[in-house]
Amino acid sequence: MVLSTPEDPTPEMEKVKALKHFPPYGSINGAPAGDTCPICPTCHGTGRIPRGHEDQLVAVIPCNDVRLKPQRTKLYVFISMVLCLFVCCLVLFFLFPRSVTLTPVSVLSVMVYFSNDSVDLQVTNLVNITNNNFVPVQIVDFSVQGVVSKAVISKTKFSNMTTIHSRSQNSYTIKVDLPITSKDLIFYCQSPSIKIHILFLELQMTMNVSYLAHMEQLSVDTYEYVDCGTNSTIPHPQIILEQNSHL
């Protein structure tokens, strides 16, 4: 008589036995509820998440979930890029440095004062300063140097000039005192036998301005004809040469 021994359990049979210990997926008390899943990687078939382990679990989302495929993604990216480019263009447009111009307009008056050893001239000029920027411009200092016959006879510096507002123009009256001590020029200005007492005066104007965190220097050379023999209050235009430089 031959005794039959049970066959060794196959892997499939062991898997079925192991799955019997887990309740159906989605059920609380072990009762079936719709489609069942043998093993839930999150709650192990209990349908509940263990308390205190919420921050250690990862939710599994199917690849065909519509939340992984947002609508109009390219449109939103394109609109964001356009808005960023528009904002950058606006910032560059308003903050891009523009020119600050110094323009002498005319000589308003020339006052002459005679003495035994000198001829003092007080020349009053009208100048315009134009700010083409969208930010205010601070005038640091303004200096004028008078030259007659290639000799420097006067240096004047102004430091009480105000700030120029954005996109505006200010007019300033500049008075320059020119004491002439050359004997030849004194004789030329005071001699009654000479009918015309015209001097060729060169004014070298230099202005330092500050705006947008940088300094800029403006230089203008003007050439004027002034009468050193008598007072004159008739405005007349000037010959202007401008030079601009950045510091």
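Our structure is the block above this text.
What you see is a predicted model, and the numbers here were worked out from it, not measured in a lab. (Residues numbered from 1 in each chain as written. Predicted model: local features only at pLDDT ≥ 70, side-chain atom pairs only at ≥ 80, totals over all residues. Heavy atoms only, no water.)

**Q** Explain the overall build of the protein chain here, please?
**A** Summing up its helical and strand segments, the protein chain has 3 helices and 8 strands in all. In sequence order, the protein chain lays out its α and β elements as α-α-β-β-β-β-β-α-β-β-β. Of the contacts formed within the protein chain by residues at least 6 apart in sequence, a portion of 61% connects residues at least 24 apart. When the accessible surface of the protein chain is split by element, carbon and sulfur atoms take 61% of a total near 17,100 Å². (Helix = DSSP H or I, 4+ residues; strand = E, 2+ residues; numbered from the N terminus. Contact = heavy atoms within 4.5 Å. Areas by Shrake-Rupley, 256 points an atom, 1.4 Å probe, with all protein chains shown as cover.)

**Q** Hey, could you run me through the nonpolar core in this one?
**A** If you look at soluble globular proteins, the nonpolar side chains tend to sit buried side by side. In terms of nonpolar packing, the biggest core is built from 37 residues, with L102, L121, I129 and F142 touching the most fellow members. Among the secondary structure elements, those contributing two or more residues to this core are β1 (100-114), β2 (119-131), β3 (138-148), β5 (168-180), α3 (183-190), β6 (198-211) and β7 (214-227). Considering each element in turn, this core owes the most residues, 7 residues, to β6. (Core = buried A, V, L, I, M, F, W, Y, C linked by side-chain atoms within 4.5 Å. Buried < 20%, exposed > 50% of the residue type's maximum accessible area, 1.4 Å probe, protein only.)

**Q** Explanation requested: the sheet that holds β2 in the structure shown.
**A** In a beta sheet, neighbouring strands pair by backbone hydrogen bonds and run either parallel or antiparallel. Taken together, 3 strands build an open sheet; the order of strands is β1-β2-β5 and the sheet is antiparallel. Of all the strands in the sheet, just β1 and β5 have a single pairing partner and so form its edges. Strand-to-strand, the axes of this sheet are offset by a mean angle of 15°, without reference to chain direction. Examined bridge by bridge, β2 and β5 share 13 bridges and lie antiparallel to one another. Following the sheet pairing, V119 is matched in β5 by I180. (Pairing = 2+ DSSP bridges. Axes fitted to C-alpha atoms, helices over the stretch in contact; angles between N-to-C directions.)

**Q** Is there a simple way to think about a nonpolar patch on the surface in this case?
**A** On the surface, F86, V87, L90, V91, F93, F94, L95 and L212 cluster together into a nonpolar patch covering about 700 Å² of accessible area. Inspection of the secondary structure assignment puts L90 in helix α2 (residues 73-95). (Patch = residues over 30% accessible without salt bridge, like charges linked within 9 Å, V, L, I, M, F, W, Y side chains within 5 Å. Salt bridge = Lys/Arg side-chain N within 4 Å of Asp/Glu carboxyl O.)

**Q** Looking at this model, I keep getting lost on unusual backbone geometry. Mind explaining?
**A** As a rule of thumb, non-glycine residues mostly have phi less than zero, and peptide bonds are mostly trans rather than cis. Not every positive phi belongs to a glycine, and K150 is a case in point at roughly 65°. Turning to its location among the elements, K150 is positioned in the loop between β3 and β4 (151-158). Positive phi outside glycine occurs at L212, with the angle close to 55°. Checked against the element boundaries, L212 lands in the loop between β6 and β7.

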